[in-house]
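As a plain string of letters, each chain reads:
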Amino acid sequence: NAGVTQTPKFRILKIGQSMTLQCTQDMNHNYMYWYRQDPGMGLKLIYYSVGAGITDKGEVPNGYNVSRSTTEDFPLRLELAAPSQTSVYFCASSYPRDKNQPQHFGDGTRLSIL
Amino acid sequence: GDSVTQMEGPVTLSEEAFLTINCTYTATGYPSLFWYVQYPGEGLQLLLKATKADDKGSNKGFEATYRKETTSFHLEKGSVQVSDSAVYFCALSTPSGSARQLTFGSGTQLTVLP
């Protein structure tokens, strides 16, 4: 089972460049999430989506954009990369009807902004 | 707002030692509680969960009991193995807008020596 797949695994960007982090899931989950993980910190929610066409801000949305055109895909866009966005990014998905269902995570994208 | 406080790491133990990682939380309402584990280079995986007071979650020899009176969810294992070396995250789940949001602790790095 593929689960949640993130690409790329690693990327180095220059300040001011843009890029899209890809995330796709094959579990037919309605809910999808983007987190960032900074060294020594827990994960912080950037954006989430409860279904195709519906997105909402999390705790740290500034500098990011998302879209959700299909159930499977939830890309995260950085328009003007800044050093403060150096982090490990995780995408996750979950089934909405049971509050106790865990979130399933991808393996992460390690992003460095230089 | 909701928050999770985890025992500071890193923690280094010898194989077969007893493990406790402390976790306390602050939340409104009745959260569900989770422990996630992150092995090197991978995403987070659910280790165990508890959904109401006095519930005990268990998996792979790990246990944690949902203590509402002390707002705690401490992780324990009687005899750790080298393969348990990983980062452990305590998290709680509460309603957030139209979804459920996970709030994570900062993580505890565990190293088990042979």
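Residues numbered from 1 in each chain as written. Chains lettered and ligands numbered in written order. Predicted model: local features only at pLDDT ≥ 70, side-chain atom pairs only at ≥ 80, totals over all residues. Heavy atoms only, no water.

Draft legend 1. A look at the sheet that holds strand β1 (residues 4-7) of chain A. Residues and elements named next belong to chain A. Across the sheet, which stays open at both edges, the four strands sit in the order β1-β3-β8-β7 with antiparallel pairing between neighbours. The sheet is open, and its two edges are formed by β1 and β7 (64-66), each paired on a single side. Pairwise comparison of adjacent strand axes, ignoring direction, gives a mean angle of 20 degrees for this sheet. (Pairing = 2+ DSSP bridges. Helix = DSSP H or I, 4+ residues; strand = E, 2+ residues; numbered from the N terminus. Axes fitted to C-alpha atoms, helices over the stretch in contact; angles between N-to-C directions.)

Draft legend 2. Representation of the packing of aromatic side chains within the structure. For the structure shown, the criterion picks out 11 aromatic pairs over all chains. Look at A:Y33 and A:Y35: their rings are 6.2 Å apart centre to centre, the planes differ by 25 degrees, and that puts the pair in the stacked class. For the pair shown, A:Y33 and A:Y35 are each scored as buried. For the pair B:F62 and B:Y88, a centre-to-centre distance of 5.6 Å together with 40 degrees between the ring planes defines the contact as tilted. Here B:Y88 lies in strand β10 (residues 86-96) and B:F62 lies in strand β8 (residues 62-65), a separation of 26 residues in the sequence. When its relative accessible area of 0% is taken as the criterion, B:Y88 is described as buried. Lying over the aromatic face of A:F74, A:R68 brings its terminal NZ or CZ to 5.9 Å of the ring centre. (Phe/Tyr/Trp six-rings, centres within 6.5 Å; stacked < 30°, edge-to-face > 60°. Buried < 20%, exposed > 50% of the residue type's maximum accessible area, 1.4 Å probe, protein only. Lys NZ or Arg CZ within 6 Å of the ring centre and 35° of its normal.)

Draft legend 3. Spotlight on the environment of B:A64. Residues and elements named next belong to chain B. Mapped onto the elements, A64 comes out in strand β8. Placed 30 residues apart in sequence, A64 and T94 show a C-alpha to C-alpha distance of 19 Å. Among all residues touching A64, those that are not within four sequence positions of it are W35, L48, D55, K56, G57, F73, H74 and L75. (Contact = heavy atoms within 4.5 Å.)

Draft legend 4. Representation of the pattern of salt bridges. All names here are of chain B. Under the definition given, this model contains six salt bridges over all chains. Among the salt bridges present, the one from E63 reaches K56, with a minimum N-O distance of 3.6 Å. A salt bridge links K77 to D84, with the nearest nitrogen and oxygen atoms 2.7 Å apart. Taken individually, K77 and D84 each receive the classification buried, so the pair is uniform in this respect. (Salt bridge = Lys/Arg side-chain N within 4 Å of Asp/Glu carboxyl O.)

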